[in-house]
Amino acid sequence: MPRHHSDIDPRLIAALRKGAVLPAHPLALDSTRQLDVTRQRALTRYYLDAGATGVAVGVHTTQFAIRTVGLYEPVLRIAAETASDWQATPSLLVAGVTGRTEQAVKEADVARELGYHAALLNVAAFKGASETEVLDHCRRIAAEIPIIGFSLLPAVGGFHLSYGFWREFAAIENAIAIKMAPFDRYRTLDIVRAVVDAGAADRVTLYTGNDDHIVLDLLQPFVVRSPDGRSEQRARIRGGLLGHWSVWTKGAVDLLTRIHALPDEAAVPVDLLAQDSVVTDCNGAIYDAAHNLAGCIPGCLEVLRRQGLVTGTTCLDPNERLSPGQAEAIDRVYAQYPEMNDDAFVRANLDRWLSERGASVPLVA
């Protein structure tokens, strides 16, 4: 199992560096808060058939509480086994790794043994610690498995880290990507500059988690100039590792494919630029921007429930539920932007994804 990025299948590294759709995998529970294995598998099958390069499991959208109820290893195992059984080509598997170093090492070891290729490091447990301590932690996990940095906004438990931190992080030889989700353009620019200034742009691929600017992140060239201003390098955010892409995933794949088809120096079509506001408006409803993202996980589950992929919006925490007015907000974006959903694709393939073997009905594009 991968301990170093050179151990990863070259096809997957190439896909990561080109830029991938990596949905943050939700947790499918029944009404009694027990894991619904059939629908957990169905979600993984849906993402892969929609064209996602892989999945991220054990992350915020999977619900951090899986660790306290003994579901971390089972949920990661289901996704890995489903991906392996479902398609002949390999899928990129990213495991969310959290907690202080002792816990994080254990999670990284579980992920690596299950065949996961990289760990997305959530360092929220280090809030209040020095950046030196956080970097030591990152280096320790990088000794176990390739790592993906995670800039997580404070609204969902994260904290901001400096340009200096990210420059040192990018210098970690087993760091392969950074998911940027500060929801802050200044902080996003800090990370882009840090990776370029560290000379790591060819190894550390930038991924967006900025739900308020998904499309523009993927379209925008970032200019990074030398200290004397005489030379410059342009950097790009190449893909997304997003909870928002856990819904309407086929549309996300189609969108990223269209963006990748544009040469870096090409003029961007106005209709593609306009998609930034459309996607942000949809995200605002699904991710519950009106209530500071309190209903983001139930919001994703609500869309999947409407499609038949899950049976409800039940979360491990009974207090985690749709916010007042959130269902109506989702109704609104469904009505205003019908081209954004992939309901027809799901409807055509749902029986196949829910079946025991999954082969009774052919995939319908």
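Residues numbered from 1 in each chain as written. Predicted model: local features only at pLDDT ≥ 70, side-chain atom pairs only at ≥ 80, totals over all residues. Heavy atoms only, no water.

1. Quick notes on the confidence of the model for the protein
Detailed reading of the predicted coordinates is not advisable wherever pLDDT is low. Confidence in the prediction for the protein averages 94 pLDDT; 97% of positions are at 70 or higher. Under a pLDDT of 50 for its full length, residues 358-364 has, in the predicted model, 16 contacts with residues more than four places off or in other chains. (pLDDT = per-residue confidence, 0-100. Contact = heavy atoms within 4.5 Å.)

2. With respect to the nonpolar core
Tyr46, Tyr116, Cys138, Ile147, Phe169, Trp248 and Trp353 are the most contacted members of the largest nonpolar core, which has 126 residues in total. Sorting elements by how many residues they give to this core places helix α3 (residues 72-86) first, with seven residues. (Core = buried A, V, L, I, M, F, W, Y, C linked by side-chain atoms within 4.5 Å. Buried < 20%, exposed > 50% of the residue type's maximum accessible area, 1.4 Å probe, protein only. Helix = DSSP H or I, 4+ residues; strand = E, 2+ residues; numbered from the N terminus.)

3. Some thoughts on the side chain of Asp49
Along the chain, Asp49 turns up in helix α2 (residues 37-49). Taking relative accessible area as the criterion, Asp49 reaches 16% and is therefore assigned buried. A distance of 3.0 Å separates polar atoms of two side chains, one belonging to Asp49 and the other to Trp86. At 2.8 Å, the side chain of Asp49 and the side chain of Trp353 are in polar contact. (Polar contact = N/O pair within 3.5 Å; in protein donor to acceptor, adjacent residues only side chain to side chain.)

4. Observations concerning the packing of aromatic side chains
Applying the stated rule across the entire model yields eight aromatic pairs. For the pair Tyr46 and Tyr47, a centre-to-centre distance of 5.0 Å together with 40° between the ring planes defines the contact as tilted. Classification of Tyr46 as buried rests on a relative accessible area of 0%. A residue is classified by how much of its surface remains accessible, and Tyr47, at 0% relative accessible area, is buried. Centre to centre, the rings of Trp248 and Tyr334 are 5.2 Å apart; their planes meet at 85°, and the pair counts as edge-to-face. With Trp248 in the loop between β10 (237-242) and α9 (249-260) and Tyr334 in helix α12 (residues 326-336), this pair connects stretches of sequence that are 86 residues apart. This pair shows no difference in class: Trp248 is buried, exactly as Tyr334 is. One aromatic cluster is present, formed by Tyr46, Tyr47, Phe345 and Trp353 through successive ring pairs. Between Arg100 and the ring centre of Phe126, over which it is positioned, the NZ or CZ distance is 4.3 Å. (Phe/Tyr/Trp six-rings, centres within 6.5 Å; stacked < 30°, edge-to-face > 60°. Lys NZ or Arg CZ within 6 Å of the ring centre and 35° of its normal.)

5. Points about the sheet that holds strand β5 (residues 147-152)
The strand order across the open sheet built from eight strands is β1-β10-β7-β6-β5-β4-β3-β2, with neighbouring strands paired in parallel fashion. The open sheet has two free edges, formed respectively by β1 (21-23) and β2 (54-57), since each of these has just one partner strand. Taking each pair of neighbouring strands and ignoring which way they run, the sheet shows an average axis angle of 25°. Alignment of strand β6 (residues 175-181) against strand β7 (residues 205-208), held across four bridges, turns out to be parallel. Its bridge partner lying in β7, Met180 is registered against Thr208. (Pairing = 2+ DSSP bridges. Axes fitted to C-alpha atoms, helices over the stretch in contact; angles between N-to-C directions.)

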